[in-house]
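Structure assessment
Below are the chains, spelled out letter by letter.
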Amino acid sequence: MTSPIAPLIDKATAGERLSPEDGRRLLASNDLATLGRGADSVARRLNPEPIRTYNIDRNINYTNVCIGGCRFCAFSRPPGHHGGWVLQRDELDRKIQQTIALGGNQILLQGGLHPELTLDWYDSLLREIRYRYPRLNIHGFSPPEIHHIASVSGRSIAAVLARLKEAGLGSLPGGGAEILVDRVRQEVSPCKCSADEWLVVARAWHNLGGRGSATMMFGHVETPAERIEHLERLRQLQDETSGFTAFIAWTFQPGHTDLADSPKLGAHEYLKMLAVARMYLDNIPHMQSSWVTQGLDVGQLALRFGADDFGSLMIEENVVAAAGTHFETTEQEIRRRIAALGYRPCRRNVFYDLEDI
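First, a word on scope: everything that follows refers to the structure included in this document. (Residues numbered from 1 in each chain as written. Predicted model: local features only at pLDDT ≥ 70, side-chain atom pairs only at ≥ 80, totals over all residues. Heavy atoms only, no water.)

Moving on to the overall build of the protein. Helix and strand counts for the protein stand at 15 helices and nine strands. Taking 21 Å as the expected radius of gyration for a compact globule of 357 residues, we find that the protein reaches 19 Å, a close match to that expectation. A buried classification covers 59% of the 357 residues belonging to the protein. Partitioning the intrachain contacts of the protein with sequence separation of at least 6 by distance along the chain shows that 76% fall at a separation of at least 24. (Helix = DSSP H or I, 4+ residues; strand = E, 2+ residues; numbered from the N terminus. Rg over C-alpha atoms; globule rule 2.2 N^0.38 Å. Buried < 20%, exposed > 50% of the residue type's maximum accessible area, 1.4 Å probe, protein only. Contact = heavy atoms within 4.5 Å.)

A separate point is the nonpolar core. Residues Leu26, Trp198, Leu231, Phe247 and Met279 are the most contacted members of the largest nonpolar core, which totals 67 residues. Leaving out residues up to four positions away in the same chain, Leu26 has contacts with Ile5, Leu8, Ile9, Leu18, Leu35, Lys272, Val276 and Met279. In this structure, Ile60, Ile129, Ile138 and Ile157 belong to the second largest nonpolar core, which totals 31 residues. (Core = buried A, V, L, I, M, F, W, Y, C linked by side-chain atoms within 4.5 Å.)

It is worth spelling out helix 15 (residues 331-340) at this point. Within helix 15 the residues assigned to the buried category are Glu331, Glu333, Ile334, Arg337 and Ile338. Projected onto a plane normal to the axis of helix 15, the buried residues spread over an arc of 165° and lie on a single side. Residues Gln332 and Ala340 are exposed on helix 15 and point more than 90 degrees away from its buried face. Buried-residue contacts for helix 15 involve strand 1 (51-55), helix 13 (296-301), strand 8 (309-312) and strand 9 (344-347). (Arc of directions from axis to C-beta.)

Between helix 6 (residues 143-153) and helix 9 (residues 195-207), the shortest axis-to-axis distance is 9 Å and the interhelical angle comes to 90°. Our classification of the angle between helix 6 and helix 9 gives roughly perpendicular. Where helix 6 approaches helix 9, its residues Pro143, Pro144, Ile146 and His147 are matched on the opposing element by Glu197, Trp198 and Val201. When the residues that make up the contact of helix 6 with helix 9 are grouped by side-chain class, the tally is five nonpolar, one polar and one charged. (Axes fitted to C-alpha atoms, helices over the stretch in contact; angles between N-to-C directions. Parallel < 35°, antiparallel > 145°, perpendicular 65-115°, else oblique. Nonpolar A, V, L, I, M, F, W, Y, C, P; charged D, E, K, R; others polar.)

Moving on to the environment of Glu197. Mapped onto the elements of the fold, Glu197 is located in helix 9. For Glu197, a relative accessible area of 30% gives the class partly exposed. Residues Glu197 and His147 lie 50 residues apart in sequence; the distance between their C-alpha atoms is 7.5 Å. Of the polar contacts made by the side chain of Glu197, one reaches the backbone nitrogen of Ser194; its length is 2.8 Å. (Polar contact = N/O pair within 3.5 Å; in protein donor to acceptor, adjacent residues only side chain to side chain.)

To continue, consider the side chain of Lys192. Looking at the element boundaries, Lys192 is found in the loop between helix 8 (182-188) and helix 9. With a relative accessible area of 17%, Lys192 lands in the buried category. Among the polar contacts listed, one links the side chain of Lys192 to the side chain of Glu178, at a separation of 3.3 Å. Apart from residues lying up to four places away in sequence, Lys192 is in contact with Cys70, Phe72, Pro144, Gly176, Glu178 and Arg185.

So, on to helix 4 (residues 89-101). Spanning 13 residues, helix 4 covers 18 Å between terminal C-alpha atoms, matching the ideal 18 Å at 1.5 Å per step. Among the residues of helix 4, those classed as buried are Leu92, Asp93, Lys95, Ile96 and Thr99. Around the axis of helix 4, the buried residues are gathered within 165° of arc, so they sit on the same side. Opposite the buried face of helix 4, by more than 90 degrees, sit the exposed residues Asp90 and Ala101. One or two steps after helix 4, the chain reaches Gly103, where phi turns positive at roughly 95°. (Expected span 1.5 Å × (residues − 1).)

Turning our eyes to something else, we now look at the packing of aromatic side chains. Each aromatic ring pair is summarised here by two numbers: the centre-to-centre distance and the angle between the ring planes. Considering all chains together, one arrives at seven aromatic pairs under this definition. On the basis of an interplanar angle of 90° and a centroid distance of 5.6 Å, the ring pair of Tyr62 and Tyr122 is categorised as edge-to-face. One end of the pair, Tyr62, is in the loop between strand 2 (58-61) and helix 4; the other, Tyr122, is in helix 5 (residues 119-132), with 60 residues separating them in the sequence. On the basis of an interplanar angle of 80° and a centroid distance of 5.0 Å, the ring pair of Trp121 and Tyr122 is categorised as edge-to-face. Residue Trp121 shares its accessibility class with Tyr122, and that shared class is buried. One aromatic cluster is present, formed by Tyr62, Trp121, Tyr122 and Phe141 through successive ring pairs. One Lys or Arg, Arg52, reaches over the ring of Tyr343 and ends 4.3 Å from the middle of that ring. Against the face of Tyr352 rests Arg348, its NZ or CZ located 4.1 Å from the ring centre. (Phe/Tyr/Trp six-rings, centres within 6.5 Å; stacked < 30°, edge-to-face > 60°. Lys NZ or Arg CZ within 6 Å of the ring centre and 35° of its normal.)

It is worth spelling out the pattern of salt bridges at this point. For the coordinates displayed, the defined rule picks out 27 salt bridges. Where Glu91 meets Arg94, a salt bridge forms, and the shortest distance between an N and an O atom there is 2.4 Å. Taken together, the residues span about one helical turn, with Glu91 and Arg94 both in helix 4 at a distance of three residues. Owing to a relative accessible area of 24%, Glu91 belongs among the partly exposed residues under this scheme. Of the charged contacts in the structure, one is a salt bridge between Glu269 and Lys272, with a shortest N-O distance of 3.4 Å. (Salt bridge = Lys/Arg side-chain N within 4 Å of Asp/Glu carboxyl O.)

Take the sheet that holds strand 4 (residues 137-140) next. In space, the three strands of this open sheet follow the order 2-3-4, with parallel pairing throughout. Whereas interior strands pair on both sides, the edge strands pair on one side only; in this sheet they are strand 2 and strand 4. The mean angle between the axes of side-by-side strands here comes to 30°, regardless of whether they run parallel or antiparallel. Two elements, strand 2 and strand 3 (residues 106-110), share four bridges in a ladder whose sense is parallel. Bridge pairing in strand 3 places Arg58 opposite Ile107. The sheet contacts of helix 4 involve strand 2 and strand 3, and relative to strand 2 the element is tilted by about 175°. (Pairing = 2+ DSSP bridges.)

Structure (structure tokens):
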């Protein structure tokens, strides 16, 4: 029998742009096999080389002090809390050295919205890292962090980004997007920047010649239509700037959060969302698997549902782990799983330059 979504799959695989209504119809379907075939076809068209990639980096959190008050976060602590901390420079140095020893050439540097850390503090941090490790890329500070730094420092978004770029910021992670719909943001993260403000930061970074990723955390209070609205807003900005190198989606992990009673989405919903995103985001070249939230088996399967990248070895990860989800792997295991699907595994950097071809 022909699947009811077959015309939409044909449209996407032919390179035609899906409309928001198309996206909503695809998300409403439970024909996971057909969605996967369509997404895999699009991924192969956009990335036809017989390789699939991964990278090695470390997620270093420089502070857990945050005024964001996000209901989905089990990691942060409010100002004045006895469990709050700011990472000491010698500990940061130790983490970077460990990362380099394991073959990493990048750190993902993120933290909370600390009310007392100024632009000068971030400038000094970046310059110190760049001086000590000039070949290390700093993939740092999500759009909400940049928006917060600008607010605390009384500077414009463009001025803050220009200064951080000059100090050593190499690329901008797409964290803090969650769902780019203000109804959702007001419910789960009312103290964080709005959807428009997130996009303003990303646009300003792209306009400086910077590159970075886009993300989505789903499976909390959003509707399927709001997931498509999120993708549409990213696609519109990418049409304008071409600044996103990759898209990463993951499911909300409710453990130990204020939303702990929310049902945890499983592999079916994750793979469906990934497949729809691959077909919808026709102008973002790469899709990463989220083995960190889904586990290695589903992470591997994601390479048949639109992902062309296994994601990071992720030497250290604290935010998802704080919610009770914790998976680990090795570079050898990532390479084995990529090869098992018939692809040649290749290590890459954040800009998707291949390092072991």
